[in-house]
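So you can see what is in the structure, the chains are spelled out below.
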Amino acid sequence: MSDLRNSNAPVSTVTFNKEEVDKPTDNIYEAISIISKRAGQINAELKKELIEKLEEFATYTDSLEEIFENKEQIEVSKFYEKLPKPHAIAVQEWLEDKIYFRNTEKEQ
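What comes next concerns the included structure. Predicted model only: the values in this text are computed from it and were never measured. (Residues numbered from 1 in each chain as written. Predicted model: local features only at pLDDT ≥ 70, side-chain atom pairs only at ≥ 80, totals over all residues. Heavy atoms only, no water.)

1. Focus: the packing of aromatic side chains
The relative placement of two aromatic rings is captured by the distance of their centres and the angle of their planes.
Piece 1. Under the definition given, this model contains two aromatic pairs.
Piece 2. Ring geometry for F79 versus Y80: centroids 5.4 Å apart, planes at 90°, classification edge-to-face.
Piece 3. Looking at Y80, the relative accessible area reads 11%, which means it is buried.
Piece 4. Considering the side-chain rings of W94 and F101, the 5.2 Å spacing of their centres and the 45° angle between planes classify their relative orientation as tilted.
Piece 5. With a relative accessible area of 2%, W94 lands in the buried category. (Phe/Tyr/Trp six-rings, centres within 6.5 Å; stacked < 30°, edge-to-face > 60°. Buried < 20%, exposed > 50% of the residue type's maximum accessible area, 1.4 Å probe, protein only.)

Encoded structure:
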């Protein structure tokens, strides 16, 4: 998971060369499909990790300490908001050949 947090993926929108994106598959639609599936996996991992961290702050009673705990929750949430989006991480992994894929139709 730490590699997702330390990704060098861009935080803002970037234009990529189509030839560079579809080079591994020679099909832009297949490349986008693979990137999309990886982005879904990354999103699920980040969401699970965020929920686990926020559950640590869950309180079931009202107290004065709740204000301090809410500040900590806000800091955790802000950290995750500043991370690159899952699709940006997936595209970066794709361009760096870090995503394993195979075409089962060609194997048969």
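2. A closer look at the side chain of R38
Piece 1. Note on placement: R38 falls in helix α3 (residues 28-55).
Piece 2. Look at R38 and you get buried, because its relative accessible area is 16%.
Piece 3. What R38 contacts, discounting residues up to four positions off in sequence, is L4, E45, A90, E93 and I99. (Helix = DSSP H or I, 4+ residues; strand = E, 2+ residues; numbered from the N terminus. Contact = heavy atoms within 4.5 Å.)

3. A closer look at the nonpolar core
Piece 1. Of all hydrophobic cores here, the largest spans 20 residues; its most connected members are V21, I35, I42 and W94.
Piece 2. Counting only elements with at least two residues in this core, the list comes to α3, α4 (66-82) and α5 (86-95).
Piece 3. The element best represented in this core is α3, accounting for seven residues. (Core = buried A, V, L, I, M, F, W, Y, C linked by side-chain atoms within 4.5 Å.)

4. Description of the packing of α3 against α5
Piece 1. Two numbers describe how α3 lies on α5: the axes approach to 8 Å, and their chain directions differ by 125°. Put simply, α3 runs oblique to α5. Judged by the twist between their axes, the crossing of α3 over α5 is right-handed. Taken together, the residues of α5 that come into contact with α3 (itself represented by A31, I34, I35, R38, A39, I42, N43 and L46) are P86, H87, I89, A90, V91, E93 and W94.
Piece 2. Split by residue class, the contact of α3 with α5 holds eleven nonpolar, two polar and two charged. (Axes fitted to C-alpha atoms, helices over the stretch in contact; angles between N-to-C directions. Parallel < 35°, antiparallel > 145°, perpendicular 65-115°, else oblique. Left-handed = near helix turned anticlockwise from the far one by under 90°. Nonpolar A, V, L, I, M, F, W, Y, C, P; charged D, E, K, R; others polar.)

5. What to know about α5
Piece 1. Of all ten residues making up α5, eight are buried, and the element is well covered by its neighbours.
Piece 2. All of the buried residues in α5 are P86, A88, I89, A90, V91, Q92, E93 and W94.

6. Description of the side chain of T25
Piece 1. Here T25 lies in the loop between α2 (18-22) and α3.
Piece 2. According to the relative accessible area criterion, T25 is buried, its value standing at 10%.
Piece 3. At 2.9 Å, the side chain of T25 and the backbone oxygen of N27 are in polar contact.
Piece 4. Ignoring sequence-local partners within four residues, the contact set of T25 consists of E30, A31, I34, W94 and F101. (Polar contact = N/O pair within 3.5 Å; in protein donor to acceptor, adjacent residues only side chain to side chain.)

7. Focus on the pattern of salt bridges
Piece 1. For the structure on display, the rule yields five salt bridges.
Piece 2. Residue E19 is joined to K18 by a salt bridge in which the shortest nitrogen-to-oxygen separation is 3.9 Å.
Piece 3. By relative accessible area, E19 is classed as exposed at 51%.
Piece 4. Of the charged contacts, one joins K98 and E96 as a salt bridge, the two residues approaching to 3.0 Å between their closest N and O atoms. (Salt bridge = Lys/Arg side-chain N within 4 Å of Asp/Glu carboxyl O.)

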